[in-house]
Amino acid sequence: MSTQSLGLDSALAAYLLRTGTRETETLAKLRAETVERSDAHMQIAPEQGQLMHLLVELIAARNILEIGTFTGYSTLWMALAAPSDARIVACDVDPEAAALAQRAWDEAGVADRIELHLRPALETLDGRLNEGEAGCHDLAFIDADKENYDAYYERSLRLMRPGGLILVDNTLWGGSVIDSAKRDAATEAIRAFNAKLSQDERITLAMTPVGDGLTLARKR
Ligand code: CA
């Protein structure tokens, strides 16, 4: 669903990977290891990783929140673009996936800029807010359970500085957002979330068809 951008055939995806991304050896190895897992569809596409890498550079992001780290592939793309004194707060609840992530971060020499929090992300985000970190973060990547997207977004918005960027994954959800037969909780949550953001004056919005739908929201 999201290991390659929606509607892209595999030949064009391969061309994009070859020509338009600069995946390091560690990133490529981690992607290959993740493909072996039954939940491999949760990994972002390489072209999305490359875009997120550039966005981190563009806004000179130092304080980054990642909500849904999985095997750490997206984290690694961002970490490789961040300065050595950056701090990435990575949230997940799957210790097995996190072990794979940790190994890749070590191998790439960026583990010291990533703080892994293995507990529900809302607890970690509320912890950051209680520590007085509202307005202190540059970028957030939301890619965890869809039913909590709105809660993750509202907290992330408070934690961002003005001009900070919130990236939200899977906002096209394999096309389910326009399939009226799909009434499951995750799909409904994404529909409601997308509708809300389309009217949200607190942000500048760009919904893109990168990966499985990547929404960019810049805090005003
Ligand atoms: Ca995802």
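As shown above, the structure is provided for reference.
Read on for a plain summary of the structure. The structure displayed is predicted, hence computed values, not measured ones. (Residues numbered from 1 in each chain as written. Predicted model: local features only at pLDDT ≥ 70, side-chain atom pairs only at ≥ 80, totals over all residues. Heavy atoms only, no water.)

Details of the coordination of the calcium ion
Ideal donor angles around a metal are set by the shape: a four-donor tetrahedron calls for 109.5 degrees, a six-donor octahedron for 90 or 180 degrees.
Item 1. For the calcium ion, the full set of protein donor atoms is Asp143 (OD), Asp143 (OD), Asp169 (OD) and Asn170 (OD1), and the range of their distances to it is 2.3 to 2.8 Å.
Item 2. All donors of the calcium ion belong to a single chain; written as a sequence motif, their spacing is D-x25-D-N. Of the two residues, Asp143 is situated in the loop between β4 (137–142) and α7 (149–159) and Asn170 in the loop between β5 (160–169) and α8 (185–198); the sequence distance between them amounts to 27 residues.
Item 3. Residue Asp143 is classed as buried on the basis of its relative accessible area, which comes to 13%. (Donors = N, O, S within 2.8 Å, 3.2 Å for Na, K, Ca; no water. Helix = DSSP H or I, 4+ residues; strand = E, 2+ residues; numbered from the N terminus. Buried < 20%, exposed > 50% of the residue type's maximum accessible area, 1.4 Å probe, protein only.)

Regarding the packing of α7 against α8
Item 1. Closest axis-to-axis distance for the α7/α8 pair is 9 Å, and the angle between their directions is 35°. Along its contact with α7, which presents Tyr149, Asp150, Tyr153 and Glu154, the element α8 presents Phe193, Lys196 and Leu197.
Item 2. The residue makeup of the contact of α7 with α8, split by class, is four nonpolar, no polar and three charged. (Axes fitted to C-alpha atoms, helices over the stretch in contact; angles between N-to-C directions. Contact = heavy atoms within 4.5 Å. Nonpolar A, V, L, I, M, F, W, Y, C, P; charged D, E, K, R; others polar.)

Some remarks on the nonpolar core
Note that soluble globular proteins tend to have their nonpolar side chains buried in a common cluster.
Item 1. Membership of the largest hydrophobic core comes to 31 residues, with the highest contact counts inside it found for Val56, Ile64, Trp105, Leu139 and Leu167.
Item 2. Of all the secondary-structure elements, those providing two or more residues to this core are α2 (25–35), α3 (46–58), α4 (73–79), β2 (87–92), α5 (95–108), β4, β5 and β7 (214–219).
Item 3. If one sorts the elements of this core by residue count, α4 sits on top with five residues.
Item 4. Apart from the residues within four sequence positions on either side, Leu139 is in contact with Val56, Ile59, Ala61, Asn63, Ile64, Leu65, Met78, Met160, Leu165 and Leu167. (Core = buried A, V, L, I, M, F, W, Y, C linked by side-chain atoms within 4.5 Å.)

A closer look at α3
Item 1. Across its 13 residues, α3 extends 18 Å between first and last C-alpha, which sits within 8% of the 18 Å expected from 1.5 Å per residue.
Item 2. Those residues of α3 that fall on the buried side of the exposure criterion are Pro46, Glu47, Gln48, Gly49, Gln50, Met52, His53, Leu55 and Val56.
Item 3. Looking at the residues trailing α3, positive phi occurs at Ala60, about 50°. (Expected span 1.5 Å × (residues − 1).)

Describing the sheet that holds strand β1 (residues 63–67)
Item 1. Spatially, the seven strands line up as an open sheet ordered β3-β2-β1-β4-β5-β7-β6, and their pairing is mixed. Each end of this open sheet is capped by a strand with a single partner; those strands are β3 (114–118) and β6 (203–208). This sheet shows a mean twist of 15° between the axes of neighbouring strands, independent of strand direction.
Item 2. Together, β1, β2 and β3 form the strand contacts of helix α6 (residues 121–130), whose direction differs from that of β2 by roughly 145°.
Item 3. Set on the sheet, α7 makes contact with β1, β4, β5, β6 and β7; between it and β5 the angle comes to about 155°. (Pairing = 2+ DSSP bridges.)

Points about the layout of surface pockets
Item 1. By volume, the largest pocket amounts to about 380 Å³.
Item 2. Mapped onto the lining of the largest pocket, the elements with two or more residues apiece are β2 and α6.
Item 3. Around the second largest pocket, the lining residues are Thr3, Gln4, Ala13, Ala14, Leu17, Arg31, Val35, Gln43, Pro46 and Glu47.
Item 4. Those elements giving two or more residues to the lining of the second largest pocket turn out to be α1 (10–20), α2 and α3.
Item 5. With three residues, the single largest contributor to the lining of the second largest pocket is α1. (1 Å grid on protein atoms, 1.4 Å probe; cavity = no way out; pocket = protein on both sides within 12 Å on 5 of 7 lines; lining within 4 Å. Points joined across faces, edges and corners; volume = space filled by probe spheres on them.)

That is the geometry; function is a separate question.
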